[in-house]
Structure formats: structure tokens, C-alpha cells
Amino acid sequence: MKGRWGAWLLGAAVACAAQSAAPPHSYQYFRNGAAKDKTARPRAGYALMGGGTDQDEAFRWLCEHADGGDFLVLRATGTDDYNPYVQGLCKLNSVATLILPDRASANDPFVATAIAHAAAVFIAGGDQANYIRNWAETPVERELRSAVRRGVPIGGTSAGLAVLGQYIYSAQNDLPDGPDLSAEVALADPFARKVVIAPDLLGIPILRGVITDSHFDTRHREGRLLAFMARILARGPVRRIRGIGIDEKTAVLVDPDGAARVMGVGEADFFEASVRPQECAAHRPLTFGPVSEVVVHTGERFDLRAWRGAEASAEIEVKRGKLGSGSAQ
């Protein structure tokens, strides 16, 4: 992979399959509803979903922003099971799923056209490494960025959430059937082979300077998100990094001006750091902090532009690979 991606990836061993290796039309396309696209006037908004059971309210919110147009689901593997689910929740012209298993499919003109005509886009869960490998520097990336500029509402859950921020934990060095990167591994060695940070795919303005993580409480991911933030700060010119960790069955619904609301059954954690880590090196435990944290519960709001919620922030630190807490601010 060449261009900005090849130069930017932190810790990745990237291998892209040759486009000629895949058969023609390797994508799959499933559509429910009207066969012809509808001209709509979508409103921008971003549904950041933490994984687990999908939340009806978050999808209805995306649908409301789609102005009754054409709803498109993107995924690398799986089925069209989102089609009847979304269609049952919302009044839309159509709901379609595009399954893009390789870079050949991401380069197909039909795929670019489908994204260009969508009034809402949802990126499903799975393995974000597939999205990085297959979409980066293809028409899929180009059309997703164009959709953001046009004000198309966009959502993502789990792996789909991972690719919404400016910085992406790409999971490119994870084994297909192996365990996820744990907080313990990332804190013990922030340059471990699995700790791979990639640049953004979508260019969402309000998520500039942000990295996200999902399944946050269930899989105890606070430590690894802090390790990602430390890596980004240690890398060079970045002076501030923000992180958002979202629980399962929980979503953060974000307006373009940064006004956000948490819904579902869990909470969202908002982190911010502007001090470079004291120790962030290969084969050495991380020392990093202070990092401010604001916990936002269901029904509460947060301002992403000001990075402020109703509750006071608390300070947390990592010392020699162990999480600790500081005083409230």
C-alpha cells in the first residue's frame, strides 16, 4: 500500500491482495425497497455505536437524518440481515447491503455509485483490518469522504466505530482466530506487534484528533485506549489526543457542531491528553498521564467541540504499565 497510508501506519505489516486475484464483481449487493434511488436531503450526524446488541433508537436517528432516502450498509463479511431490521424500524426508499470482501470489490464502479447515491451509511462490525486493507486509497474511501462533505449521516458499530475517528486502531496484526489485543499487553508494551494505528478513512471534521474503542467496559479496554493515545502523542507533531470508549448496547449520537447524546444501557468515556508520555518505548511498560476522563451516562450530553460534559473530569495515570487514578478537576 503506497501513499500516505504506507508512510503513516504505526506497526503494521500491510499486505494487499492483487486486484487481479479476485473474480469480477466479487462484491455482493442486496436491496430491499424501491429499485430506483430517491433524491433526498440528508442531514449530517454521526452514530458511534459500541457493539453488542444494536440499539433501535440509534438507527431511527440515522434514518431521520436520511430524509426518507436510501440507506446503505457496508461490511466485509456477513449477510444482509440489517436490511429487514432497518426496514422494520424506518420509512425509507430502500435499505441495501454491500459486502466488500477484497480490494477488487472496493474498486468496482458500481460500489462507488452506490455510496455516492446513499442518503445514510452504516458500517457494520466485524474486523476493521478488512476495512483498512480493502478500502484505503480506493473509490470507497473517496466516496465516503465525499459523503461526509455532502452531509450524509454515518454510523458504525464495533469495527465500524473503529474507522470513524481520525486515528484508527486497525487490528491489522491480529490473528484471525486469535484473542483481541488486551489492555494488559498494550500497557506492558505500547509498541507490541498488535498495536497498529492507522490514519483516518472518512475525514469527519468533529472527530479530528479522536480515536475510538468499542465493547469498552465488557472487554476492559480503558488501558489499551490509553496506550493508543500515548502512541499517537509520542509519534511526533501531535500536541493533543482525545479518545472515546463506548460500552456495548450503547451509542453516542453526534451532531456536526459537536453536541452529543449518549443512549442505550451503558456509558461513554471521553479522554483527553496533551502531555506526552514519560515512557513509551518498545518492550517497556507505559508511563503516561495525567489524562482527563469524563464519564457520560445514558441520557446525558457531551460537547465534543469544547470536550466538556455535565460531570467534572477526573485524572487518571499509567505508571509502569498499571492504571491509577488522580484527583477530580
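Criteria and thresholds
Residues numbered from 1 in each chain as written. Predicted model: local features only at pLDDT ≥ 70, side-chain atom pairs only at ≥ 80, totals over all residues. Heavy atoms only, no water. Helix = DSSP H or I, 4+ residues; strand = E, 2+ residues; numbered from the N terminus. Expected span 1.5 Å × (residues − 1). Buried < 20%, exposed > 50% of the residue type's maximum accessible area, 1.4 Å probe, protein only. Salt bridge = Lys/Arg side-chain N within 4 Å of Asp/Glu carboxyl O. Core = buried A, V, L, I, M, F, W, Y, C linked by side-chain atoms within 4.5 Å. Contact = heavy atoms within 4.5 Å. Pairing = 2+ DSSP bridges. Axes fitted to C-alpha atoms, helices over the stretch in contact; angles between N-to-C directions. Parallel < 35°, antiparallel > 145°, perpendicular 65-115°, else oblique. Nonpolar A, V, L, I, M, F, W, Y, C, P; charged D, E, K, R; others polar. Disulfide = S-S within 2.5 Å. Right-handed = clockwise from strand over helix to strand, strands pointing away.

> Explain helix H10 (residues 222-235) here, please?
Within an α-helix, residues lying three or four positions from one another point in the same direction, as the helix has 3.6 residues per turn. Counted at 1.5 Å a residue, the expected span for H10 with its 14 residues is 20 Å, and the 20 Å between its end C-alpha atoms agrees. Burial of H10 is extensive: 11 of the 14 residues sit out of reach of the surface. When we look at burial in H10, the residues that qualify are Gly223, Arg224, Leu225, Leu226, Ala227, Phe228, Met229, Ala230, Arg231, Ile232 and Leu233.

> Explanation requested: the pattern of salt bridges in the structure shown.
Close approach of charged atoms allows side chains of opposite charge to pair. Scanning all chains against the criterion turns up 15 salt bridges. One salt bridge in this structure joins Asp213 and Arg224, with 2.7 Å as the shortest N-O distance. Note that Asp213 is positioned in strand S9 (residues 210-213) and Arg224 in helix H10, a separation of 11 residues in sequence. For the pair Asp213 and Arg224, a shared accessibility class is recorded, and that class is buried. For the salt bridge of Glu272 with Arg242, the shortest nitrogen-to-oxygen distance reads 2.8 Å.

> Is there a simple way to think about the nonpolar core in this case?
The tendency in soluble globular proteins is for nonpolar side chains to be buried as a group. In terms of nonpolar packing, the biggest core is built from 75 residues, with Leu48, Phe71, Trp135 and Leu304 touching the most fellow members. Per-element tally for this core: the top contributor is helix H2 (residues 56-65), with five residues. Sequence-distant contacts of Trp135, defined by excluding residues within four places in its chain, comprise Leu74, Leu100, Arg103, Ala106, Ile123, Asn130, Val140, Glu141, Leu144 and Leu201. In terms of nonpolar packing, the next biggest core, distinct from the first, is built from 29 residues, Tyr169, Ala186, Ala230 and Ile232 among them.

> Honestly, helix H7 (residues 139-150) in this entry has me stumped. Any pointers?
With 12 residues, H7 should cover 16 Å at 1.5 Å per step; its first-to-last C-alpha distance of 16 Å lies within 8% of that length. Listed in full, the buried residues belonging to H7 are Pro139, Val140, Glu141, Glu143, Leu144, Ser146, Ala147 and Val148.

> Can you help me understand the sheet that holds strand S11 (residues 250-254) in this one?
Note on sheets: strands pair through backbone hydrogen bonds, and any given pair is parallel or antiparallel. One open sheet holds the 10 strands; their spatial order is S1-S4-S3-S5-S6-S2-S11-S12-S15-S16, and the pairing between them is mixed. Each edge of the open sheet is held by one strand with a lone partner, namely strand S1 (28-33) and strand S16 (308-309).

> Honestly, the packing of helix H5 (residues 109-116) against H7 in this entry has me stumped. Any pointers?
Each packed pair of helices is defined by two parameters, the angle between the axes and the distance between the axes. Here H5 crosses H7 at 10°, and the two axes come no closer than 9 Å. As judged from the angle between their axes, H5 and H7 are roughly parallel. Across from Val111, Ala112, Ile115 and Ala116 in H5, the residues of H7 making contact are Pro139, Val140, Arg142, Glu143, Leu144 and Arg150. Considering only residue class, the contact of H5 with H7 consists of seven nonpolar, no polar and three charged.

> Any chance you could explain the side chain of Ser214 here in plain terms?
Within the secondary structure, Ser214 sits in the loop between S9 and H10. Assessed through its relative accessible area of 5%, Ser214 is described here as buried. Those residues in contact with Ser214 that lie beyond four places of it in its chain are Gly50, Ser158, Leu161, Arg221 and Ile246.

> Looking at this model, I keep getting lost on the state of the cysteines. Mind explaining?
By definition, a disulfide links the sulfur atoms of two cysteines through a covalent bond. Applying the stated criterion across every chain, the model contains one disulfide. Put simply, Cys63 and Cys90 are joined by a disulfide, and their sulfur atoms are 2.1 Å apart. The S-S bond linking Cys63 to Cys90 shows a torsion near 80°; that makes this disulfide right-handed. Of this pair, Cys63 sits in helix H2 while Cys90 sits in the loop between helix H3 (82-89) and strand S4 (94-99), and the two are 27 residues apart along the sequence. Residue Cys63 shares its accessibility class with Cys90, and that shared class is buried.

> Which parts of the structure should I look at to understand the pairing of strand S10 (residues 241-246)?
Within S10, six of the six residues are buried, which leaves it mostly tucked inside the rest of the structure. The two faces of S10 match: Ile241, Gly243 and Gly245 on one face and Arg242, Ile244 and Ile246 on the other face are all buried. Of the crossover connections in this fold, the one passing from S9 over H10 to the parallel S10 is right-handed. Note that S10 and strand S13 (residues 267-273) share six bridges and pair antiparallel. Residue pairing in the sheet places Arg242 in a bridge with Glu272 of S13.

> In this structure, what is going on with the environment of Glu137? I would like to understand it.
Among the structural elements, Glu137 can be located in the loop between helix H6 (128-135) and H7. By relative accessible area, Glu137 is classed as partly exposed at 34%. With 95 residues separating them along the chain, Glu137 and Pro42 place their C-alpha atoms 26 Å apart.

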